[in-house]
Every structure is written in structure tokens, then in C-alpha cells.
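Topology and contacts: notes
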Amino acid sequence: MDLRIFTEPQQGATYDTLLTVAKATEDLGFDAFFRSDHYLRMGSGDGLPGPTDAWITLAGLARETRRIRLGTLMTAGTFRLPGVLAIQVAQVDQMSGGRIELGLGAGWFEEEHTAYGIPFPKEKLARLEEQLEIVTGLWATEPGRTYDFHGTYYDLTNSPALPKPAQSKVPVLIGGHGAVRTPRIAARYADEFNMPFSSLEDSGRQFGRVRAAAQEAGRAPDDLVYSNALVVCVGKDDREIARRAAAIGREVDELRTNGLAGSPAEVVDKIGRYAEIGSRRIYLQILDLSDLDHLELISSQVQSQLP
């Protein structure tokens with residue numbers, strides 16, 4: 001079971017804060033540092049000092065880390081043209097020495113689009129399919145050849161399909177709860193399928209749908225990695241658990257139900273139950289980025305107990 005650190009910088013974080021957390025992620029032996037791709041905070045709070053851009057952040061971290069994987073859960077398809085995104089991701093992959101992963105989603109938070117003048121189309125999933133076709137197609141085009149795509153939403157003609165990533169294949173992550181179209185898209189394009197903030201029952205059901213869709217598409221279901229993203233709140237005792245829950249504005253009982261919360265032993269047990277339904281990777285949503293002791297506890301008392 002891989003444990004990855006997942007941050008939500010739109011809630012309020014500078015690049016320096018993210019760099020500190022990313023370096024701790026690396027030093028403490030976690031597998032990867034991922035971040036969301038949002039431009040507006042959610043819920044209460046002022047979001048100060050304001051948003052940071054996901055791919056600019058990852059470009060910086062690519063040069064200041066050495067081992068950990070870096071990526072997005074999920075890059076919003078509404079934010080970037082697919083040809084531009086292919087260039088950005090390939091460049092950052094080169095900058096990292098081949099450690100980048102691309103989580104790509106349709107985009108859903110209409111308010112942030114309104115706030116920053118970003119178009120919010122109705123046909124988001126259809127656009128996402130074309131975006132995935134273009135991004136992966138550009139990377140797969142042999143050097144010296146050109147790439148063309150003529151779709152409903154995007155049109156590329158005689159693209160040199162450059163630059164190329166450092167990796168022969170940048171892993172693509174797709175996720176979501178949709179019962180029909182999402183599994184079909186994942187079966188065609190994903191290297192990893194992620195279930196965000198979902199119960200064991202819902203995760204198992206959706207993993208089953210994706211596995212079935214993969215088989216129908218002629219892929220071995222085990223070709224995909226299956227993963228979860230879950231909020232985490234671990235403490236050595238009840239007082240520490242309560243303090244950490246209060247710091248992120250959540251209730252302990254709710255976190256125990258909907259995330260990974262409690263003592264290290266409790267969290268290890270629940271991660272084991274996700275492993276039993278096929279999850280091989282957990283993205284730990286860290287909401288208090290100032291609490292590096294939390295990361296150290298998870299590393300020493302949770303991660304060390306996992307197979």
C-alpha cells in the first residue's frame with residue numbers, strides 16, 4: 001500500500017508552505033506529493049494569501065525534490081487547452097527527471113470559473129474525452145511525425161507533438177463516482193482509477209465497474225491501479241485527535257466515519273479494509289499544512305505498519 005500526501009492549497013497556502021510539506025513528504029518516506037487544482041477556497045475561511053497554480057507549483061517542486069512522485073488530483077480540464085497542458089506536463093516531467101503523474105478531470109466548481117473569468121461549458125465529460133485523446137496522443141506521437149485531431153471541441157493540425165515527457169508514459173489518473181461514462185473513460189485512458197472521499201462500499205462498487213469496463217475494452221483489469229483519497233486525522237491519544245480535528249473544523253466522529261481518523265492502530269486497520277477491496281494507494285488529504293508533526297506520526301506509526 002502506497003501512502004501519498006495530498007494537499008488543498010486553495011484553502012490558503014503559499015508556495016513556500018507547499019515546498020516545506022513536499023520536502024517533509026520526501027524526508028519521511030512517503031511515495032508522492034499531490035495537490036488539487038483549484039483557484040477558489042471552499043467553505044469557511046478567507047483563503048489567504050490566495051490561490052497558487054498547480055503546474056507552476058509542481059514545476060518548482062520538481063527542481064527542489066529528488067525522489068517523490070508529483071501530480072494533481074485533479075487538473076481541471078476547463079482550465080487549460082489540451083495542447084497547452086500536454087506541453088506543460090511534459091516540461092515539468094523533464095524538470096523532475098520523470099516523476100510526474102497527471103490526474104485529469106472534467107472540472108466541476110462553477111464558482112471559481114465565474115470568479116476568474118474561466119468559461120464553464122455544459123459538455124464537460126465529452127470535452128474531457130477529447131482532452132485525454134489529445135494529451136496522450138501528442139505524447140505518443142513518434143518524434144519527427146506530426147499529430148492531427150479533429151473533434152467536436154478541439155482541432156489540431158500538423159502539430160509537431162513536442163516536447164516529449166522524460167517518461168516513456170506519464171501515468172494518467174482518472175476518478176469519480178459516475179456509474180457508466182466514468183468507468184468507460186477510465187478503461188480507455190487511465191493508468192490509475194481514484195475514488196475520492198468514498199466509503200468502502202461505494203469504492204468497492206465503483207472499482208468493480210471500472211474493472212468490468214476495462215475487460216470490455218480489451219484490457220486486463222489489473223492493468224490499472226485502484227486508489228482512494230481520504231481525509232486523515234491521526235493522534236496518539238483522544239486529546240490529540242480532537243485537537244487535530246478542531247484545527248480543520250471537523251468533528252472526530254464524522255472523520256472516523258468518512259475518513260481515516262483515530263489512533264494509528266485504528267487508521268492502519270481501516271487502510272487494511274480498503275486494501276481488501278482492491279485499493280493499492282491512499283492519498284492522505286492533509287488540511288492543516290502547518291502540522292508537520294502529524295506527517296511524522298503517520299510516517300512512524302501508520303506507514304511503518306503497512307505491508
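Remember, it's a predicted structure, so these values are computed and weren't measured experimentally. (Residues numbered from 1 in each chain as written. Predicted model: local features only at pLDDT ≥ 70, side-chain atom pairs only at ≥ 80, totals over all residues. Heavy atoms only, no water.)

1. Some points on the overall build of the chain
Along the chain, the regular secondary structure elements total 11 helices and 12 strands. Compactness check: the chain gives a C-alpha radius of gyration of 19 Å against a globular reference of 19 Å for 307 residues, within 12% of the reference. Along the first, second and third principal axes, the C-alpha atoms of the chain reach 60 × 45 × 35 Å. For the chain, with 307 residues in total, the buried portion stands at 54%. In the chain, once contacts between residues fewer than 6 apart in sequence are set aside, the share between residues at least 24 apart is 72%. Separation of charge centres in the chain, based on 33 positive and 42 negative side chains, amounts to 3 Å. (Helix = DSSP H or I, 4+ residues; strand = E, 2+ residues; numbered from the N terminus. Rg over C-alpha atoms; globule rule 2.2 N^0.38 Å. Buried < 20%, exposed > 50% of the residue type's maximum accessible area, 1.4 Å probe, protein only. Contact = heavy atoms within 4.5 Å. Lys, Arg positive; Asp, Glu negative; His and termini not counted. Charge placed at Lys NZ, Arg CZ, Asp CG, Glu CD.)

2. Some details on the pattern of salt bridges
All told, the structure shown has 21 salt bridges when counted by the stated rule. Salt-bridge contacts for Arg80 lead to Asp53; the nearest nitrogen and oxygen are separated by 2.9 Å. Of this pair, Arg80 sits in the loop between β4 (75-76) and α3 (82-96) while Asp53 sits in the loop between β2 (32-35) and α2 (54-64), placing them 27 residues apart in sequence. Note on Arg80: relative accessible area 9%, which makes it buried. For Arg281, the salt bridge is made with Glu192, and the minimal N-O distance between the two is 2.6 Å. Taken together, the residues Arg281 in strand β12 (residues 281-286) and Glu192 in strand β9 (residues 192-196) connect sequence positions 89 residues apart. Look at the salt bridges and you will find they share partners, linking Lys236, Glu240, Arg243, Arg244 and Asp291 into a network. (Salt bridge = Lys/Arg side-chain N within 4 Å of Asp/Glu carboxyl O.)

3. Some thoughts on the packing of α2 against α3
Put simply, α2 and α3 touch, their axes get as near as 8 Å, and they point 15° apart. Classed by the angle they form, the pair α2 and α3 counts as roughly parallel. Here α2 and α3 pass one another in a crossing that is left-handed. Where α2 approaches α3, its residues Trp55, Leu58, Ala59, Ala62 and Arg63 are matched on the opposing element by Leu85, Val89, Val92, Met95 and Ser96. (Axes fitted to C-alpha atoms, helices over the stretch in contact; angles between N-to-C directions. Parallel < 35°, antiparallel > 145°, perpendicular 65-115°, else oblique. Left-handed = near helix turned anticlockwise from the far one by under 90°.)

4. Things to note about helix α7 (residues 200-216)
For an α-helix, 3.6 residues make a turn, and residues three or four places apart therefore share a direction. Taking 1.5 Å as the rise per residue, α7 with 17 residues should run 24 Å; its terminal C-alpha atoms sit 24 Å apart, in good agreement. For α7, the full list of buried residues reads Leu200, Ser203, Gln206, Phe207, Val210, Ala213 and Ala214. Seen from one end, α7 has its buried residues packed into an arc of 150°, which puts them on one side. Exposed residues pointing more than 90 degrees away from the buried face of α7 are listed as Glu201, Gln215 and Glu216. Contact partners of the buried residues in α7: α6 (181-189), β9, β10 (225-234) and α10 (264-276). Where α7 ends, the next residue or the one after it, Gly218, has phi of about 85°, a positive value. (Expected span 1.5 Å × (residues − 1). Arc of directions from axis to C-beta.)

5. Remarks on the environment of Ala220
Mapped onto the fold, Ala220 is located in the loop between α7 and β10. Classification of Ala220 as partly exposed rests on a relative accessible area of 38%. Residues Ala220 and Ala187 lie 33 residues apart in sequence; the distance between their C-alpha atoms is 9.6 Å.

6. Points about the side chain of Thr57
Its location among the elements puts Thr57 in helix α2. Within the structure, the side chain of Thr57 is placed 3.0 Å from the side chain of Arg35, a separation counted as a polar contact. A distance of 2.8 Å separates a polar side-chain atom of Thr57 from the backbone oxygen of Asp53. Discounting residues that sit within four places of it in the chain, Thr57 has contacts with Tyr15, Leu18, Arg35 and Thr52. (Polar contact = N/O pair within 3.5 Å; in protein donor to acceptor, adjacent residues only side chain to side chain.)

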